[in-house]
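Report on the structure
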Amino acid sequence: MEFRLLGPLEVSSAAGPVRLGGTRQRAALAYLLLHANQVVSARQLTAALWPADEIPGTARKILQNAVWRLRRSLTVPDEEPDAAQLLTRAPGYMVRVAPERVDLLRFQRLAAEGRAALSAGDAERARGALREALALWRGPALADLAEVGLEWPELMALEQKRLDVMEDCFEVELQCGEHQSALRDLDAFVRAEPLRERAAQQLMLALYRCGRQADALGVYARIHAALVEGLGLEPGRGIQQLQRAILAQDPQLDAPARLRPAPAPVSPAPGHPDDHANPPAGPRTLASPTPLPHPPSPPAGTRLHPAGVTDARSTVTDPAAGEEGAEAGAPASRPGPALGVFGPPKTPAHTDVTAGGPGRPHPGRSEKRRPGSVLMLRFGFGAFDDLSPGDADRILDSVCQLAREQITTAGGLVATSIGSMLLGVFAEDGDPDDGDSAERAVRAALAVRDSLVTAGATPLIQGLSVHAAVATGTALVCQWPGQPGAGRPWTGGDLVDQCEAMLSRTPPGEVHVCDRTRRRTQRRADYRRVATSPARWQVLTLQPDPTDEHA
């Protein structure tokens, strides 16, 4: 039995398509498959199926009936050895299924293989894996359920991952000297996602290598205008230095030598057409990979930024981040005020968000205030004296990617990633007083720290430090109009401001929380009062998640 989530939900067996019943049953199966081979609590599943203010009193009974019907639909007469099973596991349910039977899990595996091959310089293997991963997509993930109004953070995270893989694929094409063949798709991608600086850099480089220097500079002008006018941000240091290199016609920007052809072209899985699935005459081998040009190594104490993660300002100082600055031997740095980093300037609550004009937000922008918790992470790095700029950027990219995965695993959404800072948002699944979002945010913060710093006797990366802060309350969520394929909200407001103020005073290796977060998690966590921090509380321990124990 095959399960396809990367498009409308489809389940098929040897006998043909499997009928799944109504929207509620389809949604229940889809949510369990998004967490395949993991226990999903009945409470979490209920929150996914109904809006918080519309959960009926008979929700548990309806859920039990839906699971019973799904079990009947998924029954395999021939008793296949690896047949999927819908199991009851306290405190909820779990779909046990072989990873190769779920297109989402295959996509994640292929994407990881492609990125590993790209880092290792094996461009041909990376291109094959990345193209095969993209070919699995048949449209927006669970498009049929999104059409009826279901909005899950997991779907936003999946779309972000798809865009990341597309950028990886473009990078392979540029490494292989295939800038001309990648140009059309790159241009369409950047026009649909105008705020993704990594793709804009790739397009600028492709245009420059095609002899279109003026067009390459025009791309920079567009993204500069979009960031400054829309978000109040300057483009990141990397894209600024690429613009200067184009103006100077730096020889380092020239295309690598064409790669020799070889037999047996790699093609995506049949039945899944993709714009990137038309390779040239044959695959190519890359003896010495040529990644996107990186700027020269920054001075000591300057923060490095991973590829694909933008910086808010090219030069800023931070009087509050003393620990990082002391370790690097130079003044520490950080972005400016939270709303200068994580979104446009703050708008008073009474401002009419549907009208333009001076002092008013973008016309047509919608705003909502939603209860939940925000997690802000900042990474400090020692000097990478023995590494090339490209290797340093890949290390930083891996650190940020691990943090993204931990936040997503805890049920959160990475709303913004700026330089070495990440903002995760955790919406309430049910009653805000229960503290569900606060506990998940704290758990994610500890997971990121422990996996990077305290998993062994020394940090996994020499000189790495992790700073984390969690604030609970009501976040301002804004949806910007006219951004194709976006659907990803911007999150800000006073709650983000509060969290950033807390983070600025959080020492390395510690997780600080606000009073409200502590109150909602104190039954499962131990805290120490911190008199010198606006956060007031440091997390000491957190009891294991009972869901993990049952799993």
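Residues numbered from 1 in each chain as written. Predicted model: local features only at pLDDT ≥ 70, side-chain atom pairs only at ≥ 80, totals over all residues. Heavy atoms only, no water.

The next point concerns the overall build of the protein. Looking only at helices and strands, the protein has 18 helices and 14 strands in total. Scored against the burial criterion, the 551 residues of the protein give a buried share of 52%. Carbon and sulfur atoms make up 52% of the accessible area of the protein, which totals about 24300 Å². (Helix = DSSP H or I, 4+ residues; strand = E, 2+ residues; numbered from the N terminus. Buried < 20%, exposed > 50% of the residue type's maximum accessible area, 1.4 Å probe, protein only. Areas by Shrake-Rupley, 256 points an atom, 1.4 Å probe, with all protein chains shown as cover.)

This part takes up the pattern of salt bridges. Counted under the stated rule, the structure contains 27 salt bridges. Across the salt bridge formed by Glu113 and Arg109, the nearest N and O atoms sit 3.0 Å from each other. With Glu113 and Arg109 both in helix H4 (residues 103-120) and 4 residues apart, the pair spans about one turn of that helix. Relative accessible area serves as the criterion here: at 33%, Glu113 is assigned to the partly exposed category. Owing to a relative accessible area of 34%, Arg109 belongs among the partly exposed residues under this scheme. (Salt bridge = Lys/Arg side-chain N within 4 Å of Asp/Glu carboxyl O.)

So, on to the nonpolar core. Of all hydrophobic cores here, the largest spans 87 residues; its most connected members are Phe3, Leu5, Leu142 and Trp152. Broken down by element, the residue count for this core peaks at 9 residues, all from helix H7 (residues 153-175). Residues in contact with Leu5, not counting those within four places in the same chain, are Ala30, Leu33, Leu34, Val102, Asp103, Leu104, Arg138, Ala141 and Leu142. Of all hydrophobic cores here, the second largest spans 32 residues; its members include Leu422, Ala441, Val453 and Ala468. (Core = buried A, V, L, I, M, F, W, Y, C linked by side-chain atoms within 4.5 Å. Contact = heavy atoms within 4.5 Å.)

So, on to the sheet that holds strand E4 (residues 40-41). If you trace the 3 strands from one edge of the open sheet to the other, you get E4-E6-E5, paired in antiparallel fashion. Taken across any chain shown, the strands that pair with only one partner, and hence form the sheet edges, are E4 and strand E5 (85-89). For E4 and strand E6 (residues 92-96), the ladder comprises 2 bridges, and the chain directions are antiparallel. By the bridge assignment for E6, Ser41 is matched with Gly92. Against the sheet, helix H1 (residues 23-34) engages E4, E5 and E6, with an angle of about 70 degrees to E6. (Pairing = 2+ DSSP bridges. Axes fitted to C-alpha atoms, helices over the stretch in contact; angles between N-to-C directions.)

This part covers the packing of helix H2 (residues 42-49) against helix H3 (residues 59-73). Between H2 and H3, whose axes approach to 11 Å, the crossing angle comes to 95 degrees. What the angle tells us is that H2 and H3 run roughly perpendicular. Contacts between H2 and H3 pair Ala42, Leu45, Thr46 and Leu49 from the former with Ala59, Arg60 and Leu63 from the latter. Within the contact of H2 with H3, the residues separate by chemical class into 5 nonpolar, 1 polar and 1 charged. (Parallel < 35°, antiparallel > 145°, perpendicular 65-115°, else oblique. Nonpolar A, V, L, I, M, F, W, Y, C, P; charged D, E, K, R; others polar.)

Now for the packing of helix H9 (residues 197-209) against helix H10 (residues 213-231). Two elements in contact, H9 and H10, have axes separated by 7 Å at closest approach and are oriented at 160 degrees. Between H9 and H10, the angle is such that the two are roughly antiparallel. For the element pair H9 and H10, the recorded crossing hand is left-handed. Here Glu197, Ala200, Leu203, Met204, Leu207 and Tyr208 of H9 come into contact with H10, specifically with Gln213, Asp215, Ala216, Val219, Tyr220, Arg222, Ile223 and Leu227. Among the residues forming the contact of H9 with H10, the class breakdown is 10 nonpolar, 1 polar and 3 charged. (Left-handed = near helix turned anticlockwise from the far one by under 90°.)

The next subject is the environment of Glu147. Of note, Glu147 is situated in helix H6 (residues 143-147). With 139 residues separating them in the primary sequence, Glu147 and Pro8 have C-alpha atoms 9.8 Å apart.

A separate point is the confidence of the model for the protein. Taken residue by residue, the protein gives an average pLDDT of 75. The fraction at 70 or more is 69%. Element-level pLDDT for the protein is lowest in helix H13 (residues 338-341), with a mean of 32, against a maximum mean of 94 in strand E12 (residues 511-513). Low pLDDT, under 50, characterises residues 259-365; the stretch is placed with 217 contacts to residues that sit more than four places away or in other chains. Here residues 480-488 is modelled with pLDDT under 50, and outside its nearest four sequence neighbours on either side it reaches 22 contacts, counting other chains as well. (pLDDT = per-residue confidence, 0-100.)

Here we come to the packing of aromatic side chains. Each pair of aromatic rings is reported with the distance of its centres and the angle of its planes. Counted under the stated rule, the structure contains 3 aromatic pairs. Seen in terms of ring centroids, Tyr31 and Trp152 are 5.0 Å apart; in terms of plane orientation they differ by 75 degrees. Their pairing is edge-to-face. Highlighted residues: Tyr31 in helix H1 and Trp152 in the loop between H6 and H7, separated in sequence by 121 residues. Summarising the burial analysis for this pair, Tyr31 and Trp152 share the class buried. An angle of 75 degrees between the planes, with centres 5.7 Å apart, marks the rings of Phe170 and Phe189 as edge-to-face. Note that Phe170 is positioned in helix H7 and Phe189 in helix H8 (residues 179-192), a separation of 19 residues in sequence. Just above the ring of Trp137 sits the side chain of Arg162; from NZ or CZ to the centre is 5.7 Å. Sitting over the ring of Trp537, Arg518 keeps its end group 4.2 Å from the ring centre. (Phe/Tyr/Trp six-rings, centres within 6.5 Å; stacked < 30°, edge-to-face > 60°. Lys NZ or Arg CZ within 6 Å of the ring centre and 35° of its normal.)

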